[in-house]
Amino acid sequence: MPKQKILTGILPGLVSVLGVALAGAALPSVAAEGGLVTISRDAADLPGPLAKGAPKTHKITIEAKEITADLGDGTKYNFWTFDGKVPGRFLRVREGDTVELTFKNAPDSKLMHSIDLHAVTGPGGGAVATQTAPGQSKTFSFKALNPGVYVYHCATHLIHQHISNGMYGLIMVEPKNGMKKVDREFYVMQGELYTVEKIRSAPKGTLLTHSPDKMAAEQAEYVVFNGHGGVAPLDGSSLTMKAKVGETVRIYWGVGGPNYTSAFHVIGEIFDRVYNQASLTAPALTDVQTTVVPPGGATVVEFKLDVPGAYLLVDHALTRLYKGGLGILAVEGPANPAVFKAEQTSGGGH
Ligand SMILES: [Cu+2]
């Protein structure tokens, strides 16, 4: 089908198309096409809450890896990653714990890399201690003094390029008494890619090229969630999550950026609680539609699922939806006509 026909036929009805397509079990896959490696981290890939107890020391090793991978729309990109995934893994420690962090840079890397964790109290957040050449490693330790959910990122010149290319993640410092239990937790981070090629203009299989000029102008071609730059049904897949009616979900939402502030919103839901700016010690906001998350910042939101269907995670600066910024929370379970009642509409016929 000609690209223009797809755009005019599907884009205006994207939400309804997805709503129909995802009511059943057939979800778009996050797996890359053609066997090419995907760096997109599954949004359900994070450790559970920590057991309570005396302060501990966590020995953590993180390795910088430069990987060519599928972008989620059939094109390829040279990602720079922590441990081969975007975002880097969700680190979880407790207030008062000590972290002994060994930072490695893979032998086949072309560049220096490092790590700056916003949970660190100390120069550079660790970046001054971890500027690491390919094949080398550095170790430093820090005490997690302040509870919260913090961004970490590479802080090697050009920092914004290292972040854009995928070097960001979240570290949670749980409050001493932990958080209230929820049924499911998800981990999503928003980022931007600056490519010479316009989005959806290059043939499948093309290795895209980073554009320093577009990065300097803050004109991203792609807005990615967990490094995934595809929008189902335009590109065949999106970042997907699954849950059930009756469950309460918590989403840790961080922005690597490097430049765009996110207006985080879930289409069809209302956040029952927002831990604004990822502060876990201030009282949570209640009943929030959209919450603002700056680059290098995070939020934590919770909501109960009352009605089955597909709920779209977006940056409500909605131009970015069409640049790849889409997550789909597919909720299965019995209909709940007391809360929502509608005739199923055809997604394609509008
Ligand atoms: Cu780096």
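This one's a predicted model, so the numbers in the text were calculated from it and none came from an experiment.

### Regarding the overall build of the protein chain
When its secondary structure is counted, the protein chain shows four helices and 19 strands. The long-range fraction of contacts in the protein chain, counting pairs at least 24 apart against all pairs at least 6 apart in sequence, stands at 76%. Element-wise, carbon and sulfur atoms account for 55% of the exposed surface of the protein chain, whose accessible area totals about 14800 Å².

### Things to note about the coordination of the copper ion
Around the copper ion, the protein contributes the donor atoms H113 (ND1), C154 (SG), H162 (ND1) and M167 (SD), at 2.0 to 2.6 Å from the metal centre. The coordination sphere of the copper ion comprises four donor atoms, whose angles at the metal cover 85 to 139 degrees; the geometry is irregular. Read in sequence order, the donor residues coordinating the copper ion give the pattern H-x40-C-x7-H-x4-M. Side by side, C154 and H162 carry an identical accessibility label, which is buried.

### A look at the side chain of T130
Counting through the fold element by element, T130 comes out in the loop between β5 (116–117) and β6 (137–143). The residues contacting T130, other than those within four sequence positions of it, are F103, H113, S114, I115, K138 and F140.

### As for the environment of R250
By the element assignment, R250 lies in strand β12 (residues 248–257). Judged by its relative accessible area of 2%, R250 is buried. Separated by 52 residues in sequence, R250 and E302 place their C-alpha atoms 4.4 Å apart. Beyond its immediate chain neighbours, meaning those up to four positions away, R250 contacts M179, K180, V182, R184, E185, F186, V300, V301 and E302. From its side chain, R250 meets the backbone oxygen of K180 in a polar contact 2.5 Å long. At 2.9 Å, the side chain of R250 and the side chain of E185 are in polar contact.

### Focus on the sheet that holds strand β3 (residues 91–94)
On the basis of which strands lie adjacent, the open sheet formed by four strands has the order β3-β8-β7-β5 and mixed pairing. Sheet topology places β3 and β5 at the edges, where each strand pairs with a single neighbour. In terms of strand pairing, β3 meets strand β8 (residues 168–174) through four bridges, oriented parallel. Bridge pairing in β8 links L91 to I171.

### Digging into the pattern of salt bridges
Across all of its chains, the model carries 16 salt bridges by this definition. With its nearest N and O atoms 3.0 Å apart, the salt bridge here joins E221 to K214. The two residues E221 and K214 agree in class, both being buried. In this structure, E302 engages R273 in a salt bridge whose closest nitrogen and oxygen atoms are separated by 2.5 Å. Note that E302 is positioned in strand β17 (residues 297–304) and R273 in strand β14 (residues 271–275), a separation of 29 residues in sequence. Each of the salt bridges in this network shares a partner with another, and the network as a whole consists of R92, R94, E174, E185, R250, R273 and E302.

### Side note on the nonpolar core
Core analysis: the largest hydrophobic core is formed by 30 residues, its most contacted members being W253, F264, F303, L313 and L329. Looking at which element gives the most residues to this core, the answer is β12, with four residues. Setting aside its immediate chain neighbours within four residues, L329 contacts F186, M241, K242, A243, F303, L305, G309, A310, Y311 and L313. Counting residues in hydrophobic clusters, the runner-up holds 28 residues, among them L46, A69, I163 and A278.

### Section: the sheet that holds β6
Across the sheet, four strands lie side by side as β2-β1-β4-β6; this open sheet has mixed pairing. Two strands lie at the open edges of the sheet, namely β2 (76–82) and β6, each paired on one side alone. Ignoring which end each strand starts from, the neighbouring axes of this sheet average 20 degrees apart.

### So, the UniProt feature "binding site: Cu cation" (unreviewed entry) in the protein chain
Per the UniProt record, the feature "binding site: Cu cation" (unreviewed entry) sits at H113, H118, H153, C154, H162, M167 and H316. Beyond its immediate stretch of four places on either side in the chain, H113 contacts A64, E66, W80, F103, N105, T130, Q131, T132, C154, T156, H162 and M167. The exposure class assigned to H118 is partly exposed, which follows from its relative accessible area of 31%. H118 has contacts with Y150, V151, H153 and G296, leaving out every residue within four places of it along the chain.

### Some points on the packing of aromatic side chains
Using the criterion set out here, one finds 10 aromatic pairs in the structure. Aromatic pair F90 and Y187: ring centres 5.0 Å apart, planes at 75 degrees, arrangement edge-to-face. Of this pair, F90 sits in the loop between β2 and β3 while Y187 sits in strand β9 (residues 184–193), and the two are 97 residues apart along the sequence. Y187 carries the same exposure label as F90, and that label is buried. The structure contains a cluster of three or more aromatic residues connected by ring pairs, namely F225, W253, F264, F271 and F303.

Cut-offs used in this document
Residues numbered from 1 in each chain as written. Predicted model: local features only at pLDDT ≥ 70, side-chain atom pairs only at ≥ 80, totals over all residues. Heavy atoms only, no water. Helix = DSSP H or I, 4+ residues; strand = E, 2+ residues; numbered from the N terminus. Contact = heavy atoms within 4.5 Å. Areas by Shrake-Rupley, 256 points an atom, 1.4 Å probe, with all protein chains shown as cover. Donors = N, O, S within 2.8 Å, 3.2 Å for Na, K, Ca; no water. Tetrahedral: all angles 85-135°; square planar, octahedral: opposite > 155°, others 65-115°. Buried < 20%, exposed > 50% of the residue type's maximum accessible area, 1.4 Å probe, protein only. Polar contact = N/O pair within 3.5 Å; in protein donor to acceptor, adjacent residues only side chain to side chain. Pairing = 2+ DSSP bridges. Salt bridge = Lys/Arg side-chain N within 4 Å of Asp/Glu carboxyl O. Core = buried A, V, L, I, M, F, W, Y, C linked by side-chain atoms within 4.5 Å. Axes fitted to C-alpha atoms, helices over the stretch in contact; angles between N-to-C directions. UniProt positions renumbered as here; feature names shortened; annotations may be inferred. Phe/Tyr/Trp six-rings, centres within 6.5 Å; stacked < 30°, edge-to-face > 60°.

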